[in-house]
Amino acid sequence: MTDAAELRRLTQELLAAHPPETTDRLDFLKARFDAGLAWVHYPEGLGGLGVPRTLQAVVDAELEAAGAPDNDPRRIGIGLGMAAPTILGYGTEEQKRRYLRPLWAGEEVWCQLFSEPGAGSDLAALGTRAVREGDEWVVNGQKVWTSSAHVARWAILIARTDPDVPKHRGITYFICDMTDPGVEVRPLRQITGEAEFNEVFLTDVRIPDSRRLGDVGDGWRVAQTTLNNERVAIGGMRLPREGGMIGPVAGTWRERPELRTHDLHQRLLKLWVEAEVARLTGERLRQQLVAGQPGPEGAGMKLSFARLNQEISGLEVELLGEEGLLYDDWTMRRPELVDFTGRDAGYRYLRSKGNSIEGGTSEVLLNIVAERVLGLPSEPRTDKDVAWKDLAR
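Residues numbered from 1 in each chain as written. Predicted model: local features only at pLDDT ≥ 70, side-chain atom pairs only at ≥ 80, totals over all residues. Heavy atoms only, no water.

Caption draft 1: Representation of the side chain of Ser 362 in the model. Relative to the helices and strands, Ser 362 is located in helix α11 (residues 362-373). For Ser 362, a relative accessible area of 14% corresponds to the buried category. Setting aside residues up to four positions removed in sequence, Ser 362 forms contacts with Leu 303, Ala 306 and Ser 356. (Helix = DSSP H or I, 4+ residues; strand = E, 2+ residues; numbered from the N terminus. Buried < 20%, exposed > 50% of the residue type's maximum accessible area, 1.4 Å probe, protein only. Contact = heavy atoms within 4.5 Å.)

Structure (structure tokens):
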């Protein structure tokens, strides 16, 4: 059995064979994957050792102490948090071995082609069509709000393959090569001035059937794995105390006593406590993951994340007064990642507005918590048994 002591030994062997100070960064990351020290809870041969997820902290501590490079997880968050667990759960052995290593090492960036202009909150109403022609699928449609599409090599894609059945039953899940002919990525400029999101147009894109995940028509079930992991990835990230959005505003409070008022003090105390409760709840959720895949509880974490970010960033702007109205740069850029704590208060305030939309709107997540966590009665769904082609649009 592999325990903490054995993992430390394996990590030291990796460091001895590939000294971080003299080994190319990508070569080191690939060697770490091959040693099973990438995500230790994954199976052997796929970057892991099949041991409990909690032991990952042992490996990470040893590597951090040695100054070893990480895989820049914020840049490849969609691949790590959404694509990888879906491929692990539904991919063929060939797919797992082809995609997981370059995904984890950051050699290939992933994006998510789910939402559409007419199918955001009601994702199952999506209209992008995939029609089979021999061993290929021809895909036509439009996706929107696609983070990292401008730098992605691969995308996880859901498309309608059978319009004659109810909307949840006619969807199939694919892996799409973003460099293929017919894939067009256009920037969507946001309130921050940047365009980290994109819209993606798919015109006669040919996807081999070998890049299908799961059975034909079973894409909604496969997508639930992606969505549940997405909510955990967004709302349940590991943070130290005063990590995330609460850190900058707490730091300003300590360093700028002239800005303090009694009302702001009371609001800061309340939000500080709520941020700490959310952080500890996230720790508990990650411990639950040791026993299996994330469930609907991740929706609650994502809800809390969105609300807290918006309230904390609003408090920070008020605390700074006139300074809070300043904004550093409106230049049109297409960044590779979102940096909440590395920018100014104005950016945090504007960017946090998207937190209640991305990864599932807060309204939809409230329904998920009500129905699947609290067990409350479901809302009436008159289109449940109606074929997709017959739905009013």
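Read on, since the account is not over.
Caption draft 2: Focus on the pattern of salt bridges. Counted according to the given criterion, the structure contains 42 salt bridges. A salt bridge links Asp 72 to Arg 75; its shortest N-O distance comes to 3.7 Å. With a shortest N-O distance of 2.8 Å, Arg 212 and Asp 209 are connected by a salt bridge. Taken individually, Arg 212 and Asp 209 each receive the classification buried, so the pair is uniform in this respect. Each of Glu 194, Asp 328, Asp 329, Arg 333 and Arg 343 takes part in a single network of salt bridges with overlapping partners. (Salt bridge = Lys/Arg side-chain N within 4 Å of Asp/Glu carboxyl O.)

Caption draft 3: Up close: the nonpolar core. In terms of nonpolar packing, the biggest core is built from 53 residues, with Trp 39, Trp 110 and Met 178 touching the most fellow members. Setting aside residues no more than four positions away along its own chain, Trp 39 makes contact with Phe 33, Leu 46, Gly 47, Gly 48, Gln 56, Leu 80, Ala 84, Leu 100, Leu 103 and Trp 104. Counting 17 residues, the second largest nonpolar core, distinct from the first, contains Leu 259, Leu 271, Ala 275 and Leu 308. (Core = buried A, V, L, I, M, F, W, Y, C linked by side-chain atoms within 4.5 Å.)

Caption draft 4: Helix α2 (residues 25-34), seen in detail. For α2, the set of buried residues is Phe 28, Leu 29, Lys 30, Ala 31, Arg 32 and Phe 33. For α2, the secondary structure elements touched by its buried residues are α1 (4-17), α3 (56-65) and α5 (93-104). N-cap assignment for α2: the residue whose side-chain oxygen lies 3.1 Å from the backbone N of Leu 26 is Asp 24. Looking one or two residues past α2, Gly 36 carries a phi angle of roughly 80 degrees, positive in sign. (Polar contact = N/O pair within 3.5 Å; in protein donor to acceptor, adjacent residues only side chain to side chain.)

Caption draft 5: Spatial organisation of the environment of His 18. You can see His 18 is positioned in the loop between α1 and α2. According to the relative accessible area criterion, His 18 is partly exposed, its value standing at 28%. The sequence separation of His 18 and Phe 28 amounts to 10 residues, and the corresponding C-alpha distance is 6.4 Å. Non-local contacts of His 18, meaning those with residues more than four positions away in its chain, are made with Thr 23, Phe 28 and Ala 31.

Caption draft 6: Highlighting the pairing of strand β4 (residues 154-160). The element β4 is extensively covered by neighbouring structure, given that seven of its seven residues are classed as buried. Burial of β4 is two-sided: the residues Trp 154, Ile 156, Ile 158 and Arg 160 facing one way and the residues Ala 155, Leu 157 and Ala 159 facing the other way are all buried. Pairing of β4 with strand β5 (residues 171-177) involves seven bridges; the strand directions are antiparallel. Across the sheet, Ala 159 pairs through a bridge with Thr 172, a residue of β5. (Pairing = 2+ DSSP bridges.)

Caption draft 7: Quick look at unusual backbone geometry. The phi dihedral of Ser 148 is positive, around 65 degrees, even though this residue is not glycine. Following the sequence through the fold, Ser 148 ends up in the loop between β3 (136-143) and β4. With phi around 65 degrees, Glu 242 is a residue other than glycine that occupies positive phi space. Mapped onto the secondary structure, Glu 242 falls in the loop between α6 (219-235) and α7 (246-255).

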